[in-house]
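# Tertiary structure, described
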Amino acid sequence: MSTPTPKRRGEVLIRLDGIRKEYQLGETTVRALDGVDLSICRGDYSAILGPSGSGKSTLMHILGFMDQPTGGKMFLGEREVSNIRPGDRSKLRATEIGFVFQSFNLLSRLSVIENVLLPVEYARRKIENADETAVEMLNRVGLGHRIHHRPSQLSGGERQRVAIARAMINKPRILLADEPTGNLDSRNAANILELFDHLADEGNTLVLVTHDESIAHRTRRVIRVLDGKVTEEEVER
Ligand SMILES: Nc1ncnc2c1ncn2[C@@H]1O[C@H](COP(=O)(O)OP(=O)(O)O)[C@@H](O)[C@H]1O
Ligand SMILES: [Mg+2]
């Protein structure tokens, strides 16, 4: 019997090796991640799937440099980033990762285009024609006609599109989305998922965090999380 040939995958962008994350609550230790081995490769379209409390958000926060593991090793390409300084961590978070959250997290006092431009400021990296790039991103998500609106003047689905344009403006290596359709009705949710499919088809690297099997089944790869462990990885369906 021949061994199946592994499907060809892109270069490894981020690799986790025995990653642990513990929270100390008084006398109790909460083990949110308990030895996770995982690689995210260029061009992956993955879902991190698991029930509430399984460790999905913790895993996403670590992959996105929002939080530091308490054990194990983490690599960005060849570079070990397990114990870097907080300033370096913020820099990586701002330049390498795009984030989309369930509650959109737009700033209500800023217009749509000002929201999209925020990560350019955070990254402290010059982008030529930042305004034009922001408009281009908004066009890509179908909101080119709403650039001067305030978030409160948009539907939930439109707000999430703004958040996606904002997440993409620095051309991050990885786009991480935590329950991105959790606050949307089914029609808006379907539109946002189609947008993710489209971004994946264009070659972007996406990780969708979800408790919803039906969302996970549109991605090419499913990473199942249970009790802080990656229990199963289906690669390239
Ligand atoms: N800041 C924190 N302090 C203490 N416990 C936490 C903290 N964040 C998460 N946890 C615990 O870690 C576990 C995993 O949480 P989380 O990653 O948010 O799960 P999920 O996103 O899958 O619902 C849960 O038991 C949760 O209560
Ligand atoms: Mg969560």
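Overview of the structure. (Residues numbered from 1 in each chain as written. Chains lettered and ligands numbered in written order. Predicted model: local features only at pLDDT ≥ 70, side-chain atom pairs only at ≥ 80, totals over all residues. Heavy atoms only, no water.)

Right, let's get into the sheet that holds strand β1 (residues 12-25). Ordered in space as β2-β1-β4-β5, the 4 strands form an open sheet in which the pairing is antiparallel. Only two strands of the sheet have a single partner each, and these edge strands are β2 (28-41) and β5 (79-80). Judged from the 2 bridges that link them, strand β4 (residues 71-76) and β5 form a sheet pairing that is antiparallel. Following the sheet pairing, Leu76 is matched in β5 by Arg79. Lying on the sheet, helix α1 (residues 56-63) is in contact with β1, β2 and β4; it crosses β1 at an angle near 125°. (Pairing = 2+ DSSP bridges. Helix = DSSP H or I, 4+ residues; strand = E, 2+ residues; numbered from the N terminus. Contact = heavy atoms within 4.5 Å. Axes fitted to C-alpha atoms, helices over the stretch in contact; angles between N-to-C directions.)

The volume enclosed by the largest pocket comes to roughly 500 Å³. Lining the largest pocket are 20 residues; nearest its centre among them are Arg93, Ala94, Phe99, Pro119 and Tyr122. Going through the elements one at a time, α2 (86-96), β6 (97-101), α3 (112-123) and α5 (156-168) are the ones with two or more residues in the lining of the largest pocket. No other element matches α2, which puts 6 residues into the lining of the largest pocket. For the lining of the largest pocket, the class distribution of residues is 10 nonpolar, 6 polar and 4 charged. (1 Å grid on protein atoms, 1.4 Å probe; cavity = no way out; pocket = protein on both sides within 12 Å on 5 of 7 lines; lining within 4 Å. Points joined across faces, edges and corners; volume = space filled by probe spheres on them. Nonpolar A, V, L, I, M, F, W, Y, C, P; charged D, E, K, R; others polar.)

Bringing the nonpolar core into the picture now. Residues Leu138, Ile164, Leu175, Phe196 and Leu199 are the most contacted members of the largest nonpolar core, which totals 37 residues. For this core, the elements supplying multiple residues, two or more each, are α3, α4 (130-140), α5, β7 (174-178), α6 (186-201) and β8 (206-210). For this core, the leading source of residues is α6, giving 7 residues. Filtering out sequence-adjacent residues up to four positions away, Leu199 remains in contact with Arg140, Ile164, Met168, Leu175, Asn204 and Leu206. Counting 28 residues, the second-largest nonpolar core is a separate cluster that includes Leu38, Leu63, Ile97 and Val207. (Core = buried A, V, L, I, M, F, W, Y, C linked by side-chain atoms within 4.5 Å. Buried < 20%, exposed > 50% of the residue type's maximum accessible area, 1.4 Å probe, protein only.)

On to the environment of Val225, then. Following the sequence through the fold, Val225 ends up in strand β9 (residues 221-226). Linking Val225 and Ile48, residues 177 residues apart in sequence, is a C-alpha distance of 6.9 Å. With residues near it in sequence (within four places) discarded, Val225 still touches Ile48, Leu49, Gly50, Pro51, Ser54, Gly55, Leu59 and Val230.

For the rest of this paragraph, the subject is the packing of aromatic side chains. One pass over the structure, following the stated rule, counts 1 aromatic pair. Between Phe99 and Phe101, the ring centres sit 5.9 Å apart and the planes meet at 10°, which makes this aromatic pair stacked. Residue Phe99 is classed as buried on the basis of its relative accessible area of 13%. Residue Phe101 is classed as buried on the basis of its relative accessible area of 19%. (Phe/Tyr/Trp six-rings, centres within 6.5 Å; stacked < 30°, edge-to-face > 60°.)

With that settled, consider the pattern of salt bridges. Evaluated as defined, the whole model comprises 13 salt bridges. Of the charged contacts in the structure, one is a salt bridge between Asp34 and Lys229, with a shortest N-O distance of 2.8 Å. Of this pair, Asp34 sits in strand β2 while Lys229 is found in strand β10 (residues 229-234), placing the two residues 195 residues apart along the sequence. Judged by relative accessible area, which is 22%, Asp34 ranks as partly exposed. Under the relative-accessibility criterion, Lys229 is labelled partly exposed at 40%. (Salt bridge = Lys/Arg side-chain N within 4 Å of Asp/Glu carboxyl O.)

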